[in-house]
Amino acid sequence: MDVEGVQNKKNIRLTGTNDVLNSTPKITVQMAMSTFKTNGHNDWITKDYSINGSQFGTGSYYVDRIITIGGTGGWNDFAKAWNGNGGNSGLGMTRRIDEFKLISNLDFKNSPDFVSVGTAVNGGFNQIFNGNGYTMSKIKLTNSNVSTENSTDIVGIFNKIGGGTIKDLTINGVSTENIPLVDKLHLGAFAGQINGGTINNVTVNNINLNGTISNHGYVGGFAGVINKGNISNVTLNNITKLYLYGTNYTNSRMYMGGFAGRIANGTINNAILNQIGTFRSDVITQLGTSNNTVIGGFTTELGSGNSIKNAYLYFTEKSQFRPAGAVINNKDSRNQVSTFYHSMTGNNTLENINVVYNAYVTDKSIYGSGKPIEDEGYNLDQATKYIYYTAKGMIEG
């Protein structure tokens, strides 16, 4: 039953019966986020069960509850309800709702106060979020989207994912603004942390992320850190820029990957990274060391227990990996850039990993004539005197 089609929403009764083929009924109740909020984030609808149509009792009925989201305000109300009440239950019965479902595209261009889901301590999203084929656009992550758990600051559209299912969703445009200096950072366009669950058929376009740390930072185009989860059919288009700045010359540890900063216990199948742009790290002295900056096309660290299959990375002539310390006569960070991953611990399965790149450079702004010339693998930024590595340099060494 769709509650929005009922005129008098205060008095609703649903009765379930079982037929010859089914021992129990199935009752599905769907309502708008605004209706759910108006009624105190609780299910007020009377539901009962009748085996013969005349005698009624609470019985053994089964109820699925679906909340629909049709506007930017509805998203923010959903996020606030999920995050509310700290690490307990959210507001009312929010975290016991079976499914949250988009019913229209959401454009946050004129809604600057975007609210991330899963910011509460121990409150990672763990139900069903059904994008229903719709698109969320122009999302800006700011200081208000940062949450802290176990001394780590976490940022993403879904701040933390702890289980459940997220599916059939497109994100068009994710950027950061005024993310403060933090000690430890997990930053990703889609999720800061993924600690379980299933993610399927998700596309994220136009990614531009910036962070500043004094200690440790993991940044990824899709997720900051993946600790567990089943992820399939994910496409990232136009990873414009990933940037991480460290304020401590010796202790800032910066890990940056096109898909995630770190991955462990993850099952990933069919991941596509199109138009890989600039991945850059800097430290306060401008001269990093080989110990405090790592950049990987897909990830920097592979912990144990991963299965990654059918991954496709598409570099262009404009792709740049710019690790801190990569300056003339100080190339100690050149070994800190890797095409797919930088380090691996434990047992992992990697199958059908595909890397596509240009062996020639055609960028007129750098080379003037515009005629294709052989890519040397690295180039010098005349303004900063920093060396950056092109796709050929990363892939062929």
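For clarity, every value in this text was computed on a predicted model and none was experimentally measured. (Residues numbered from 1 in each chain as written. Predicted model: local features only at pLDDT ≥ 70, side-chain atom pairs only at ≥ 80, totals over all residues. Heavy atoms only, no water.)

Further remarks concern the overall build of the protein. Scanning the protein from terminus to terminus reveals four helices and 29 strands. Across the protein, contacts joining residues at least 24 apart in sequence account for 80% of those joining residues at least 6 apart. For the protein, the accessible area works out to roughly 16,700 Å², and carbon and sulfur atoms hold 43% of it. (Helix = DSSP H or I, 4+ residues; strand = E, 2+ residues; numbered from the N terminus. Contact = heavy atoms within 4.5 Å. Areas by Shrake-Rupley, 256 points an atom, 1.4 Å probe, with all protein chains shown as cover.)

What follows concerns helix 2 (residues 72–83). For helix 2, spanning twelve residues, the distance from its first C-alpha to its last is 16 Å, which sits close to the expected 16 Å at 1.5 Å a residue. Burial analysis of helix 2 places ten of its twelve residues in the buried class, which makes it a mostly covered element. Asn 85 occupies a position one or two residues after helix 2 and carries a positive phi of about 65°. (Expected span 1.5 Å × (residues − 1). Buried < 20%, exposed > 50% of the residue type's maximum accessible area, 1.4 Å probe, protein only.)

Residues Thr 152 and Ile 154 of strand 11 (residues 152–155) are buried on one face, and the alternating residues Asp 153 and Val 155, pointing to the opposite face, are buried as well. Here three bridges tie strand 10 (residues 147–149) to strand 11, and the two strands are oriented antiparallel to one another. Bridging across to strand 11, Ser 147 finds its partner in Ile 154. Turn length for the strand 10-strand 11 hairpin, with the two strands adjacent in sequence and antiparallel, is two residues, and the turn residue Asn 150 shows positive phi of about 55°. (Pairing = 2+ DSSP bridges.)

To continue, consider the nonpolar core. If you look at the biggest cluster of nonpolar residues, it comprises 83 residues, and the most contacted ones within it are Trp 75, Phe 129, Phe 190, Phe 222, Phe 259 and Phe 298. Sort the elements by how many residues they give to this core and strand 15 (residues 191–220) lands first, with nine residues. (Core = buried A, V, L, I, M, F, W, Y, C linked by side-chain atoms within 4.5 Å.)

Quick look at the confidence of the model for the protein now. The predicted model of the protein has a mean per-residue pLDDT of 83, with 75% of residues at 70 or higher. Confidence, expressed as mean pLDDT per element, reaches its minimum in the protein at helix 3 (residues 364–367) with 44 and its maximum at strand 18 (residues 260–263) with 98. A low-confidence stretch, residues 362–369 (pLDDT under 50), is modelled with eleven contacts involving residues beyond four sequence positions or located in other chains. (pLDDT = per-residue confidence, 0-100.)

With that settled, consider the side chain of Ser 307. By secondary structure assignment, the location of Ser 307 is in strand 22 (residues 306–322). Using a relative accessible area of 18% as the deciding quantity, one classes Ser 307 as buried.

On to the environment of Thr 165, then. Along the chain, Thr 165 turns up in strand 13 (residues 165–176). When its relative accessible area of 23% is taken as the criterion, Thr 165 is described as partly exposed. Taking the C-alpha atoms as reference, Thr 165 lies 7.8 Å from Asn 200; in sequence the two are 35 residues apart. Setting aside residues no more than four positions away along its own chain, Thr 165 makes contact with Phe 125, Gln 127, Ile 128, Phe 129 and Thr 198.

Looking now at the packing of aromatic side chains. Following the criterion strictly, the structure yields 22 aromatic pairs and no others. An angle of 80° between the planes, with centres 5.6 Å apart, marks the rings of Trp 75 and Phe 129 as edge-to-face. Placement of the pair is Trp 75 in helix 2 and Phe 129 in strand 8 (residues 128–130), with a sequence separation of 54 residues. A residue is classified by how much of its surface remains accessible, and Trp 75, at 0% relative accessible area, is buried. Residue placement shows Lys 241 over the ring face of Tyr 243; its charged tip is 5.1 Å from the ring centre. (Phe/Tyr/Trp six-rings, centres within 6.5 Å; stacked < 30°, edge-to-face > 60°. Lys NZ or Arg CZ within 6 Å of the ring centre and 35° of its normal.)

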